[in-house]
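# Close look at the chain arrangement
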Amino acid sequence: MSQKEQTLKLIISHSKEYGFVFPSSEIYDGISAFYDYGPFGVELKNNIKKYWWQSMVQFRLDVVGLDSAIFMHPKIWKASGHVDAFNDPLIDNKDSKKRYRADELIENYIRKINLKIEKEIKKASKRFGSDFDRDKFHKTSPRINNYLSEIKDISNKMNSFLNNEEFKKVKDLIYDLNIVCPVSGTCNWTDVRQFNLMFGTKVGSVSDEASNLFLRPETAQGIFVNFLNVQKSARMKIPFGIAQIGKAFRNEIIARQFIFRMREFEQMEMQFFVEPGSEIKWFEYWKKERLNWYKSLGISDSNLKYHDHEKLAHYANAATDIEFKFPFGFKELEGIHSRTDFDLSSHANETNKKIQYFDPKSSTNYTPYVVETSIGLDRMFLAVLCESYREDNNGKEKRVYLKIPPVLSPFKVAILPLVKKDNLPEKAKELYHTLIKDFNCYYEEKDSIGKRYRRQDAIGTPFCVTIDHETLENNTVTIRDRDTMSQERINMEDLNNIIKKKLSFNC
Ligand code: GAP
């Protein structure tokens, strides 16, 4: 097992052991790609939502919120293009009976060529030592150039075949590249078929066409169909945005990598409505704004990057992803898309209703253009865990701690009586009831103080406050810092301010 796979495994088992994430329906042997959030996970998840909602809605004058229903009129999904085009190309291996996304099989093949390039670079860097110029070598090595043109050729073919729905050619490409099933090791593939990712269900007791519904595959359409309701009721003037957080459902063909790709997940989306012609300016604005949001949480620069789309969806005129370096590589965490007037116009056509904005500045009516920011809450949760997971082997025993930004930590402070007697629990509970009004606190009196510190480290509590015999004499306590493990004796009255300072909002 590679180091990276090992890291993901550690994070998954830590999440389960410490009450962050459990496989759903586990006592029935689980159900693939569904997960439950435990007592500490739900706190972290709620804190991420709160941080996003505050920075995207409450701290801004130009964005308002919405909470639309999961079930929507089925024609919405026809207008949005999801009925006809929200498909993945799937292929089965006849021997292992395993199902794959055809594009992912090819992309994995490309990833292997990229690994060969990295290997070449590593070898050369060893050979040339401090004189090694990575960029120059990358540009001039004939072997690397061959690999790069192979990648380009495969990508071009794959994109063109998929765009033109030439699935026979996609299958041939898989054969030509001799891509085998990772389980059976054979090339015995079925044809490539389109698979719609929407979950269907029925509403009501009459089984006619109208009662067939879909579980929403994105929250965005709830925003589009409410554009006029929100604009008029909140008296918003363009440019303005509508944000919402909510569940989305996709019948992913293969769901792997823990909570990265789930069948039921949450999105935090914002549609920003702008005057036609100004959308690229706003697209650039939101690109920067959203990257800074991650940085405000202390996520390191080297773990974040933009991936600008060269190939655009038919409704978009600019698109980028913000990618995070997960243990399995850089992957999409958030999409930022300039969606033109596609969605509002489609809903206007489908309903025969006018969905336009009257601009008092120019005294004209127009269909606004839209810039969308869309982040997966569960992916952000995983990114926070990956960024904060630490193993410290310096002391006598291994310490595992989560260096979660204090503003997101499930609990801000743990209040711990040194021993379970001598009136210390009573004094500690008194402090708990004072601090809980301002911060989410944790109270624990079981086990030795050392064990309790370790447990708080493992769930990412930034401060532990210990009540000891001296507290009874002079109202002082010790405060221990999760990251440095340093302890300081302070007056109990100063606690509130010290903790508050650490929790300040950066964005
Ligand atoms: N409204 C635009 C939209 O839904 P998307 O790129 O399909 O765009 C947006 O999804 C974000 O939702 C992604 O960047 C990702 O973070 C998250 N997401 C998408 N599919 C997901 C899945 N199966 N499991 C977890 N998160 C997912």
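Residues numbered from 1 in each chain as written. Predicted model: local features only at pLDDT ≥ 70, side-chain atom pairs only at ≥ 80, totals over all residues. Heavy atoms only, no water.

With that settled, the discussion passes to the overall build of the protein. When helices and strands are counted, the protein shows 17 helices and 23 strands. Overall size of the protein, expressed as C-alpha extent along the three principal axes, is 80 × 70 × 55 Å. Residues classed as buried in the protein amount to 50% of the 507 residues present. For the protein, contacts bridging at least 24 residues in sequence account for 66% of all contacts bridging at least 6. Surface exposure of the protein reaches about 25,700 Å², of which carbon and sulfur atoms provide 49%. Looking at charge distribution, the protein has the averaged site of its 78 positive side-chain charges lying 2 Å from that of its 71 negative ones. (Helix = DSSP H or I, 4+ residues; strand = E, 2+ residues; numbered from the N terminus. Buried < 20%, exposed > 50% of the residue type's maximum accessible area, 1.4 Å probe, protein only. Contact = heavy atoms within 4.5 Å. Areas by Shrake-Rupley, 256 points an atom, 1.4 Å probe, with all protein chains shown as cover. Lys, Arg positive; Asp, Glu negative; His and termini not counted. Charge placed at Lys NZ, Arg CZ, Asp CG, Glu CD.)

This part is about the packing of aromatic side chains. Tallied over the full model, the rule gives 27 aromatic pairs. Ring geometry for F260 versus F328: centroids 5.3 Å apart, planes at 75°, classification edge-to-face. Taken together, the residues span a long stretch of sequence, with F260 in the loop between β9 (240-249) and β10 (264-274) and F328 in the loop between β12 (318-326) and β13 (329-340) at a distance of 68 residues. This pair shows no difference in class: F260 is buried, exactly as F328 is. Where F326 meets F328, the ring centres are 5.3 Å apart and the plane angle is 5°; that geometry is what we call stacked. The exposure classification of F326 matches that of F328, with both residues buried. Following the ring pairs from residue to residue traces out a cluster consisting of F20, F40, F411 and Y442. In this structure, K287 is placed above the aromatic ring of Y306, and the distance from its NZ or CZ to the ring centre is 4.6 Å. Residue placement shows K305 over the ring face of F330; its charged tip is 4.4 Å from the ring centre. (Phe/Tyr/Trp six-rings, centres within 6.5 Å; stacked < 30°, edge-to-face > 60°. Lys NZ or Arg CZ within 6 Å of the ring centre and 35° of its normal.)

With that settled, the discussion passes to the sheet that holds strand β6 (residues 193-196). Read across the open sheet, the three strands follow the order β5-β4-β6; overall the sheet is antiparallel. Strands at the two margins of the open sheet, each flanked by one partner only, are β5 (99-101) and β6. The mean inter-strand angle of the sheet, taken between neighbouring strand axes irrespective of direction, is 45°. Pairing geometry for strand β4 (residues 87-92) and β5, over three bridges, is antiparallel. (Pairing = 2+ DSSP bridges. Axes fitted to C-alpha atoms, helices over the stretch in contact; angles between N-to-C directions.)

Relative placement of two packed helices is described by the angle separating their axes and the distance separating the axes. Following both chains from N to C, one finds helix α5 (residues 102-128) and helix α8 (residues 167-176) inclined at 30°, their axes separated by 10 Å at the closest point. The handedness of the crossing between α5 and α8 comes out as left-handed. Counting all contacts with α5, which are made through A102, L105 and I106, the residues of α8 involved are V170, L173 and I174. For the contact of α5 with α8, the residue count by class is six nonpolar, no polar and no charged. (Left-handed = near helix turned anticlockwise from the far one by under 90°. Nonpolar A, V, L, I, M, F, W, Y, C, P; charged D, E, K, R; others polar.)

Turning our attention to helix α7 (residues 142-163). If you check α7, its first and last C-alpha atoms are 31 Å apart, about what 22 residues at 1.5 Å a residue would give, namely 32 Å. On the buried face of α7, the contacting elements are α5, α6 (134-140) and α8. (Expected span 1.5 Å × (residues − 1).)

Before going further, it helps to examine the packing of helix α2 (residues 39-58) against helix α11 (residues 279-296). Two numbers describe how α2 lies on α11: the axes approach to 12 Å, and their chain directions differ by 140°. Here α2 is positioned oblique relative to α11, judged by the angle of their axes. Both α2 and α11 take part in a crossing whose hand is right-handed. Residues Y51, W52, S55 and M56 of α2 pack against W286, R290, W293 and S296 of α11. (Parallel < 35°, antiparallel > 145°, perpendicular 65-115°, else oblique.)

Before going further, it helps to spend a moment on a positive patch on the surface. Together, K4, K122, K126 and K325 give the surface a local cluster of positive charge. Position of K126 relative to the elements: it lies in helix α5. (Patch = residues over 30% accessible without salt bridge, like charges linked within 9 Å, V, L, I, M, F, W, Y side chains within 5 Å. Salt bridge = Lys/Arg side-chain N within 4 Å of Asp/Glu carboxyl O.)

Turning our eyes to something else, we now look at the sheet that holds strand β20 (residues 441-443). In spatial order, the strands read β20-β19-β21-β22-β23; together these five strands make up an open sheet with mixed pairing. The strands lining the two open edges of the sheet, one partner per strand, are β20 and β23 (487-491). When the angles between neighbouring strand axes are averaged without regard to direction, this sheet yields 25°. Pairing analysis gives four bridges linking strand β21 (residues 463-467) to strand β22 (residues 476-481), with the strands arranged antiparallel. Pairing of V465 across the sheet is with I479, part of β22. Those strands touched by helix α14 (residues 424-435) are β19 (413-417), β20 and β21, and its axis lies near 160° from that of β19.

It is worth spelling out the site of the ligand at this point. Not every one of the 19 residues close to the ligand is listed here, only the nearest: E218, E252, M262, E269 and E332. Note that an oxygen atom of the ligand is positioned 3.0 Å from one of the side-chain N or O atoms of Q267. One nitrogen or oxygen atom from the main chain of G376 is found 3.0 Å from an oxygen atom belonging to the ligand. Calculation on the ligand without its partners gives an accessible area of 550 Å², and the protein chains cover 91% of this total. At the level of elements, β10, β13 and β16 (369-376) are the ones that each hand at least two residues to the shell around the ligand. No other element matches the five residues that β13 contributes to the shell around the ligand. Its residues assigned to classes, the shell around the ligand comprises five nonpolar, four polar and ten charged. (Near = heavy atom within 4 Å. Polar contact = N/O pair within 3.5 Å; in protein donor to acceptor, adjacent residues only side chain to side chain.)

Of note, N145 is situated in helix α7. By relative accessible area, N145 is classed as partly exposed at 33%. With near-sequence residues (within four places) excluded, N145 lies in contact with H138, K139 and T140.

To continue, consider unusual backbone geometry. Here I238 and P239 are connected by a cis peptide whose omega angle stands at 5°. Positionally, P239 belongs in the loop between α10 (227-233) and β9. At E165, a position not held by glycine, the phi torsion is positive, near 55°. In this structure, E165 sits in the loop between α7 and α8. Phi is positive for F258, close to 60°, though the residue is something other than glycine. Relative to the helices and strands, F258 resides in the loop between β9 and β10.

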